[in-house]
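# Fold and contact review
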Amino acid sequence: MAEGESAVRGDGGAGGEGCPLHEREAEIRSAGQAVGALTRPAGSGIGELLVYTGAAGLGKTAVLTEVRREAKRAGCTVLSARGGERQCHEPFHVVRQLVQPVLAALSGEERAQVFGPWEDIVGPAVGLMPPGGQLDPQGVRDGLDFVLTRLVQQRSPVAVIVDDLHWADPESLGWLAGLAVRARELPALLVFACRDEFPDEALALQRGLVGRADRRHELRPLQPASVAHLVRAALGAQAEDVFCRHVWAVTAGNPYETTALLREVLDQRLDPVEESTGQLRELAVGARGMTLRHWLDKIGPTTVQFAWAASMLGTDIRPDLAAAICAQGPDTAAESVRELRRHGVLTSTPGGRLEFVHPLIATSVYQSMPPATRTGMHGVAAVETENAGLGLLTASRHLLETLPEGDGEIVGKLRRAAREHLAIGAPEAAQRCLRRAISEPPADEDRAAVLYELGCSALLTDPATTVNQLRLALADPYGLGPELRVDAIFRLAQALAHSNRLGEAAAVCAEEAARTLPGPGRLRLEVAHFMFAAFQFEDEDGPGRSRRLAEFDRMLETVGLAFSDTGAGGSAPTPTGTGTGADGGPAPYEGVFEHNGLVHAVAVLRCWDLTLRGVDREEAIALAESALPDGRLPRSLGWTNTTWGFELPGILGISYLYADRVDRAEELFTEAVRAYEVAGWSGGHLGFAYLLTGMLRFRCGALADAEDYLRRALRIAERIGPGVPLHWDAVGALAETLAARGRLPEALELAREHAFGPPYPTVMVLPDAPTLYGRLLLARGDAPGAAATLTAAGAALDARGWRNTVWAPWLGHLARAVAPDQPDRARDLAEEGVRRARESGTDSAVGSALRLCAAVHDRPRAAGLLAQAVRHLERSPARYEHAIALVDLGEALGAAPAARSALTRGLELAVRCGADGLAARARDLLHTGAAG
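Rules used throughout
Residues numbered from 1 in each chain as written. Predicted model: local features only at pLDDT ≥ 70, side-chain atom pairs only at ≥ 80, totals over all residues. Heavy atoms only, no water. Core = buried A, V, L, I, M, F, W, Y, C linked by side-chain atoms within 4.5 Å. Buried < 20%, exposed > 50% of the residue type's maximum accessible area, 1.4 Å probe, protein only. Helix = DSSP H or I, 4+ residues; strand = E, 2+ residues; numbered from the N terminus. Expected span 1.5 Å × (residues − 1). Arc of directions from axis to C-beta. Contact = heavy atoms within 4.5 Å. Phe/Tyr/Trp six-rings, centres within 6.5 Å; stacked < 30°, edge-to-face > 60°. Polar contact = N/O pair within 3.5 Å; in protein donor to acceptor, adjacent residues only side chain to side chain. Axes fitted to C-alpha atoms, helices over the stretch in contact; angles between N-to-C directions. Parallel < 35°, antiparallel > 145°, perpendicular 65-115°, else oblique. Left-handed = near helix turned anticlockwise from the far one by under 90°. Nonpolar A, V, L, I, M, F, W, Y, C, P; charged D, E, K, R; others polar. 1 Å grid on protein atoms, 1.4 Å probe; cavity = no way out; pocket = protein on both sides within 12 Å on 5 of 7 lines; lining within 4 Å. Points joined across faces, edges and corners; volume = space filled by probe spheres on them.

## Re the nonpolar core
Core analysis: the largest hydrophobic core is formed by 187 residues, its most contacted members being Phe532, Leu605, Trp608, Trp644, Leu648, Trp807 and Tyr880. Take this core: its biggest share by element is 10 residues, from helix 29 (residues 598–613). Counting residues in each nonpolar core, the second largest holds 52 residues, with Val102, Leu209, Val210 and Ala213 among its members.

## Examining helix 40 (residues 823–840)
When the terminal C-alpha atoms of helix 40 are compared, their 26 Å separation across 18 residues agrees well with the 26 Å that a helix rising 1.5 Å per residue should span. Residues of helix 40 that are buried: Ala826, Leu829, Ala830, Gly833, Val834, Arg836, Ala837 and Ser840. Buried positions in helix 40, seen along its axis, are confined to an arc of 165 degrees and lie on one side of it. The secondary structure elements touched by the buried residues of helix 40 are helix 30 (617–626), helix 38 (783–800), helix 39 (810–818) and helix 41 (843–854). Directly beyond the C-terminal end of helix 40, a positive phi value near 75 degrees is found at glycine 841.

## Things to note about the packing of aromatic side chains
For the coordinates displayed, the defined rule picks out 14 aromatic pairs. Between tryptophan 728 and phenylalanine 756, the ring centres sit 5.2 Å apart and the planes meet at 50 degrees, which makes this aromatic pair tilted. Note that tryptophan 728 is positioned in helix 35 (residues 725–740) and phenylalanine 756 in the loop between helix 36 (744–753) and helix 37 (769–779), a separation of 28 residues in sequence. Accessibility classification places tryptophan 728 together with phenylalanine 756 in one group, the buried group. Pairing tyrosine 760 with tyrosine 773 gives two aromatic rings, centres 6.4 Å apart and planes at 70 degrees, and the pair type is edge-to-face.

## Structural notes on the side chain of aspartate 476
Mapping aspartate 476 onto the fold places it in the loop between helix 23 (463–475) and helix 24 (482–498). A polar atom in the side chain of aspartate 476 sits 3.0 Å from the backbone nitrogen of tyrosine 478. Aside from chain neighbours lying at most four places away, what touches aspartate 476 is Asp444, Arg447 and Ala448.

## Topic: the packing of helix 22 (residues 444–457) against helix 23
Two elements in contact, helix 22 and helix 23, have axes whose closest approach is 8 Å; the angle formed by their N-to-C orientations is 165 degrees. One finds that helix 22 runs roughly antiparallel with respect to helix 23. Of the two elements, helix 22 crosses helix 23, and the hand of that crossing is left-handed. Facing helix 22, whose interface residues are Ala448, Leu451, Tyr452, Leu454 and Gly455, helix 23 presents Thr466, Gln469, Leu470, Leu472 and Ala473.

## Side note on the packing of helix 7 (residues 170–181) against helix 8 (residues 203–212)
Contact geometry of helix 7 with helix 8 gives a least axis separation of 10 Å together with a crossing angle of 30 degrees. The orientation of helix 7 with respect to helix 8, classified from their angle, is roughly parallel. Along this stretch, helix 7 crosses helix 8, giving a crossing that reads as left-handed. Of helix 8, the residues touching helix 7 (which contributes Leu173, Gly174, Leu176, Ala177, Ala180 and Val181) are Leu205, Leu209 and Arg212. Taken together, the residues of the contact of helix 7 with helix 8 sort by class into seven nonpolar, one polar and one charged.

## Some words on empty space enclosed by the protein
With the rule as written, the count across this model stands at seven cavities of 30 Å³ or more. In this structure, the largest cavity spans a volume of roughly 190 Å³. Taken together, 18 residues form the lining of the largest cavity, with Gly84, Gly314, Thr315, Pro359 and Ala362 sitting closest to its centre. Elements represented by at least two residues in the lining of the largest cavity include exactly helix 14 (301–313), strand 7 (354–356) and helix 17 (359–367). With three residues, the top contributor of residues to the lining of the largest cavity is helix 17. Here the lining of the largest cavity is built from residues that sort into five nonpolar, eight polar and five charged.

## Structural notes on unusual backbone geometry
Here the bond from serine 156 into proline 157 is cis, since omega is -5 degrees, no more than 30 degrees from zero. Among the structural elements, proline 157 can be located in the loop between helix 6 (137–155) and strand 3 (158–163). Note the cis peptide between proline 758 and proline 759, where omega equals 0 degrees. Position of proline 759 among the secondary structure elements: in the loop between helix 36 and helix 37. At phenylalanine 92, a position not held by glycine, the phi torsion is positive, near 60 degrees. On the secondary structure map, phenylalanine 92 appears in the loop between strand 2 (77–82) and helix 3 (93–104).

What follows is the structure, given as structure tokens:
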């Protein structure tokens, strides 16, 4: 190599300190400005997103090297990483490069401060803890946000620098895209460099990242003058102009290709004169080095083998591991490394590892391998990687590149790797492993189980994949064992339900139950059928299903079923009498049923059924209490337990809420939020917990808190996608809350923006969607539209047998809609609403119904109804309803002495509730003397 060559910059690699980059002054200056803005004194620095784009070889890495130096000189904590072409399917590979070194160096006290409650979720993802149970991907991303925020607070200012972002693994890329949204909220500078070569599934993230950049620079090829400077720096000042011009033409001004070509010119001892220009194009082709012949000629067969092994390991090459993969002893491997360094292929990193001087060289070396050799070396790499203690998480990417051979051991490793991927919140990586395991293929008797695992791996993130794979597993001729088949049917039904296909979910469970021999599995399917049917808004036989559920409940109460060891797998049950076993002790069914919570699950469903039917609250509460041994959820009904899912504890809490037992509901919903946050389940599960908590706060009159929780639920629902049940629930509950706060235009706009209206989902919505839509139409002034909507809603609810006036107060609002034209009908409707509310015996239901009834009567009668409403509501937790009733009462009393007292009390309560519109109305009535 000529003396001046080490000073040649622009090949994407590191160069000597102080050597200028050609035509990159604007890019470097922009980085300096961003670092300057970040490091302003007195903590006033702001973060930015700086993005460099450009084709391969244009010098993005060299620019990032300058950015890194500038950030370090300015006192920044620098977190840096590089995407790898071979490691783009290794979950959290980029994240680990960024944060693992600094997190691993923290003291115990610092680590506790930085991780907070997220260590069990983030630790496995960043490689500082072994994988545990399955994690929600969104929870891992949220935990990483928390950890980085704390790290920035502790080590501010921070520069996060990622090269070759287009090769970042999907898990890291998704997190970085979210982090980019918050760039200005933190004293952290984000600097990304990438080619326009993102995989199809990442194009949306790419557009979001690049479009969000505060500063964006697209690197361009060098002009002829800059190429001439590089030529003369490498070959000497005697290089002729025409030679320099031909170098520029052959390389199209690409800095990397220019430098590579100049190395070939030096190796060939070609004079830089016009007579030599005819050889440049051929040398340029060789310089790109994509052929095996090129590398054999350049470094020889032994060194080529080491280079091949190194190219498989990606951005962080352990020399001993590369040597093991290519079966070279220490001396031979050391000589290979020296040769590769001498030829500018490999360079050393500060940690004693190796890396390729440029990603294009790594790509060239990898692609020069014959296909059979490449496949074989991946197989060796998988074994040696695992032997080196790097685990299946790393080894599995090599297994994915091997050819299927029907090897049961490979299938086993891929299945274990999939479990580890799920345990760090990387379901897509788990699915790649399981798909590869299926193509191995597994033994006939194992195939259905692998398909089952593939389906379950997508349950939290991709219900459609779950449905497809579980159907294949269930249709497999060798099939699943009895217990696993029951579980597969239940997971299939869950996925269908989460896709707004509740009818199919219920039918799947019923059909499979009819085919299953008597035993716990069949009972579980029958209960699941009742559960999914309970969430269907439309049901041709709703009342009949309620009767069958009651009969099923009585059967479990009165018949003990004893099972032999084989009976649990499907043998016929043996009745043992009521309450006792064959030996006179406790009924054996208790132990059999309790492991999957059948008795408690049925109690919850019966409680919910009674709640929706609006019957006596005492019976519903008794059932609810029976589902809570020792006052707590049993393990089988736990919020994170997958036996039944989150729906059962959810409807149990709502049943308590509608029965005015907000103490019990609050215990359950608080436990839900805590359980999901601790488990890192930040997707739909946590969104549902926020929704429930928001509904509770609304019911108790804490409207500001309710709005906060419901907005959190809506944000999560929007991340999941429109149309999911959570999205409907959150929009409806939030619109109701905004209207209660006196912000009706905002509520109407929210409903319009999210298309809250017909056609409604097949799943029931909390609050009832058609009823709420009718109320919004009425509030907007469309009484005829409201009347038609509420009439249809009432007919559907009555057909289903659902008469709960808290969840769906359609009668009272329909009465208001028709009152101007049909006063007699309005009074009949409103009084029917009161009768139904009294059937439940719940003070809040009765008080609210009386208040709505008063709205369609003359003032004297209204005042009497409102006085009753106030008495009921002051005994209930429904403070907002109580406040409305007081203000309505004050208005109805007119000039009577008691009017001011009612209005004053209503005003005070409205203010405490955050019902600004109601408070303003009360003040106006007080000012005008209650319109008396």
